[in-house]
Amino acid sequence: MIRRRSLLTFAGVGGAALTLSGAAAAHAAPSSVPGPAAGPGPIDLPVPTVRQPVGTVSLRLVDENRQDPFAPVPGPRELMVQLWYPAAGTAGRARAAYATARVAAVLDRTAFLDPGTLGRLRPTARVGAPPVPGALPLLLLGHGRKGGRSNCTALAEELAAHGYLVASLDHTYDAAAVEFPDGRVVLSALADEPADWDAAERREVGVRAADLRFVATELTTGRTVRRHLGLPCADPARIGVLGHSMGGAAAAEAVRQDRRFAAGLDLDGGLFGSPVPDEGLDRPFLLFTALDDHDTWRRWREHQRGWGRHLRQRDSGHLSFTDIPHAAGPGHLAEHAPPEVYAQLFGTIAPERATELARTYVRAYFDRFLRGRPSPLLNAPSPRHPEVSFVWSRG
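The notes below deal with the structure included here. (Residues numbered from 1 in each chain as written. Predicted model: local features only at pLDDT ≥ 70, side-chain atom pairs only at ≥ 80, totals over all residues. Heavy atoms only, no water.)

## A few points about helix H3 (residues 101–110)
The line we're drawing: Burial classes follow relative accessibility: with a 1.4 Å probe on protein chains only, a residue under 20% of its type's maximum area counts as buried, one over 50% as exposed, and anything between as partly exposed. Only DSSP runs of H or I with at least four residues qualify as helices, and only runs of E with at least two residues qualify as strands; both kinds are numbered from the N terminus onward. Two residues form a contact once any of their heavy atoms are found within 4.5 Å.
Buried residues dominate H3, accounting for 7 of its 10 residues. Where H3 is concerned, the buried positions are Val103, Ala104, Ala105, Val106, Leu107, Asp108 and Arg109. Those residues of H3 that are buried lie in contact with helix H4 (117–120), strand E8 (177–179) and strand E9 (185–187). Two residues or fewer past H3, Phe112 is found with a positive phi of approximately 60°.

Spelled out as structure tokens, the structure:
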């Protein structure tokens, strides 16, 4: 089951997949949300590779046309979305936190990090910095099952520095914790081990795809921009979607459903919960994985109709595509997880190298399909990136 879970879940060390050590069990999920714990100094995420200031802002969006299927009390679907974008300047703007203090505390527990670890993780972006003028290509970014919108911050900041508007969603009641502007914290309502995995995946991926489509509409029709003056402008003709783990499965399903999405990308996510493996897609789709292969990926390769690639990153684990490797050492995660589980989650690749590779290939892919900038990286293995091999190619 861990292999299936690890292709769906942000915190793959959770639930029945891992027998907790005493240290980890001491901070397994309680019923309430604690405050942050004090700890040593900051942990800086890798800075973007170009000297372009990055801004960030978080938005609460409500889909009045859709009832939330997970909410205990009927009501419209409510989301938190974080934007990263190239900024015109950052003077006087505070450095962004990785997550709110209460959300970071929950993520520490779900990833079995020392309390206070993610509160020490420091992004580069500045809160509310003014955006550069003009319409930007839009990338929608989804997290793994029971993860959160901050999980791929280093990747989002790199893409923003290179001229993209990145919108990362908290999928409410799926994400480990979502804090709204009024102070409410909504914890994940998903079962660790659903009685019927197939039904759970279809439901969860369907809700996620609807979330992605709604956010794309909000950011491109002008409604959200008009309500929040000073937001960056999204180009409705250049939209891509990507995600880690279950976020990758949802990205594929969103591309299948919505022709506005010109290209999709999956970071080590099994293509569960949708018809994509047996129908393929008629637009570009990239699989970038740590695992060498998976049944859903094989089926997708057989049916893909548009441009496609399956690239594999050697020596990596399921969480190597996220920020968590940068926190794993300082947060003593290896002390809380059996060696075989730790290896599956992180592999042996250095965190800085894993982030560099993800940034390089994700940007090359979207530059090609949203900006018309071909790259040899997508055509053949590169001697500069020997960890990345080509499993399969089409187009």
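## Points about the side chain of Arg309
Cut-off, in case you're wondering: The convention is simple: Lys and Arg are positive, Asp and Glu are negative, and His and the chain ends are not counted. Salt bridge, as used here, is a side-chain nitrogen of Lys or Arg placed within 4 Å of a carboxyl oxygen of Asp or Glu. Whenever two N or O atoms come within 3.5 Å, that pair is a polar contact, provided that in protein one can donate a hydrogen and the other can accept it, and provided that, for residues adjacent in sequence, both atoms are side-chain atoms.
As for its position among the elements, Arg309 is in strand E13 (residues 308–313). Buried within the structure, Arg309 lacks any salt-bridge partner; its nearest side chain of opposite charge belongs to Asp282, at an N-O separation of 15 Å. Within the local environment of Arg309, its side chain forms a polar contact with the backbone oxygen of Leu378, the two atoms lying 2.6 Å apart. Ignoring anything within four residues of it in the chain, the contact list for Arg309 reads Phe285, Leu286, Leu287, Trp300, Leu378, Asn379, Phe390, Trp392, Ser393, Arg394 and Gly395.

## Quick notes on the packing of aromatic side chains
Using the following cut-off: Any two of the Phe, Tyr and Trp rings considered here, Trp counted by its six-membered ring, make a pair once their centres fall within 6.5 Å; the pair's planes then place it as stacked at under 30 degrees, edge-to-face at over 60, or tilted in between. Two limits define a charge over a ring: the Lys NZ or Arg CZ must be within 6 Å of the ring centre, and within 35 degrees of the ring normal.
According to the stated counting rule, one finds 9 aromatic pairs in the structure shown. Ring centres 5.7 Å apart and planes at 35° place the aromatic pair Trp307 and Tyr365 in the tilted group. With a gap of 58 residues between them, Trp307 in the loop between helix H10 (295–303) and E13 and Tyr365 in helix H13 (residues 351–371) connect regions that are remote in the sequence. Ring geometry for Tyr365 versus Phe366: centroids 4.9 Å apart, planes at 70°, classification edge-to-face. For Tyr365, a relative accessible area of 0% gives the class buried. Judged by its relative accessible area of 0%, Phe366 is buried. An aromatic cluster is built from Trp307, Tyr365, Phe366 and Phe369, whose rings are joined through pairwise contacts. The aromatic ring of Tyr164 is capped on one face by Arg371, whose charged end is 4.3 Å from the ring centroid.

## Observations concerning empty space enclosed by the protein
To be explicit about the condition: The rule is simple: put a 1 Å grid over the protein atoms alone, call a set of points where a 1.4 Å probe fits but cannot get out a cavity, call an open set with protein on both sides within 12 Å along at least five of seven lines a pocket, and count a residue as lining if it has an atom within 4 Å of a point. Grid points are joined across faces, edges and corners, and a volume is the space filled by probe spheres set on the points.
Going through the model one piece at a time under the given rule, you end up with 2 cavities of 30 Å³ or more. Looking at the largest cavity, its volume works out to about 60 Å³. Together, Cys152, Ala154, Leu155, Ser320, Phe321, Thr322, Asp323, Thr355, Ala358 and Arg359 line the largest cavity. Of all the secondary-structure elements, those providing two or more residues to the lining of the largest cavity are helix H5 (153–161) and H13. Residue contributions to the lining of the largest cavity peak at 3 residues, all from H13.

## Here we look at the pattern of salt bridges
Side-chain pairs of opposite charge can arise where the charged atoms are in close proximity. One pass over the structure, following the stated rule, counts 32 salt bridges. Where Glu78 meets Arg60, a salt bridge forms, and the shortest distance between an N and an O atom there is 2.5 Å. Here Glu78, found in strand E3 (residues 76–86), pairs with Arg60, found in strand E2 (residues 54–67); they are 18 residues apart in sequence, far enough to count as distant. Taking the relative accessible area as the measure of exposure, Glu78 reaches 14% and is therefore buried. Three or more residues joined by partner-sharing salt bridges are found here, namely Asp63, Arg66, Asp68, Arg77 and Asp211.

## Re the environment of Thr153
By the element assignment, Thr153 lies in helix H5. Spatially, the C-alpha atoms of Thr153 and Val166 are 10.0 Å apart, while their sequence positions differ by 13 residues. With near-sequence residues (within four places) excluded, Thr153 lies in contact with Leu45, Trp84, Tyr98, Pro123 and Asp323.

## Description of the layout of surface pockets
To be explicit about the condition: Side-chain classes are defined by residue name, with Ala, Val, Leu, Ile, Met, Phe, Trp, Tyr, Cys and Pro counting as nonpolar, Asp, Glu, Lys and Arg as charged, and the others, Gly among them, as polar.
Approximately 310 Å³ is the volume attributed to the second largest pocket. Around the second largest pocket, the lining comprises 20 residues; the ones closest to its centre are Ser58, Gln82, Ala99, Thr100 and Arg149. When residues of the lining of the second largest pocket are traced back to their parent elements, those giving at least two are E2, E3 and H3. Counting residues per element, the lining of the second largest pocket draws most heavily on E2, which supplies 3 residues. Of the residues contributing to the lining of the second largest pocket, the split by class is 11 nonpolar, 6 polar and 3 charged.

## Focus: the sheet that holds E13
For clarity, the cut-off: For two strands to pair, DSSP has to find at least two bridges joining them. Note on definitions: angles span 0 to 180 degrees between N-to-C directions of axes, and those axes are lines fitted to C-alpha atoms, for helices only across the stretch in contact.
In space, the 10 strands of this open sheet follow the order E5-E2-E3-E7-E6-E10-E11-E12-E13-E14, with mixed pairing throughout. Each edge of the open sheet is held by one strand with a lone partner, namely strand E5 (126–127) and strand E14 (388–394). Relative to strand E7 (residues 165–170), strand E6 (residues 135–142) is paired through 4 bridges, and the arrangement is parallel. Note that in E7 the partner of Leu139 across the bridge is Val166. Packing against the sheet, helix H6 (residues 197–220) makes contact with E2, E3, E6, E7, strand E10 (233–244) and strand E11 (261–267), and its axis sits at approximately 115° to E2.

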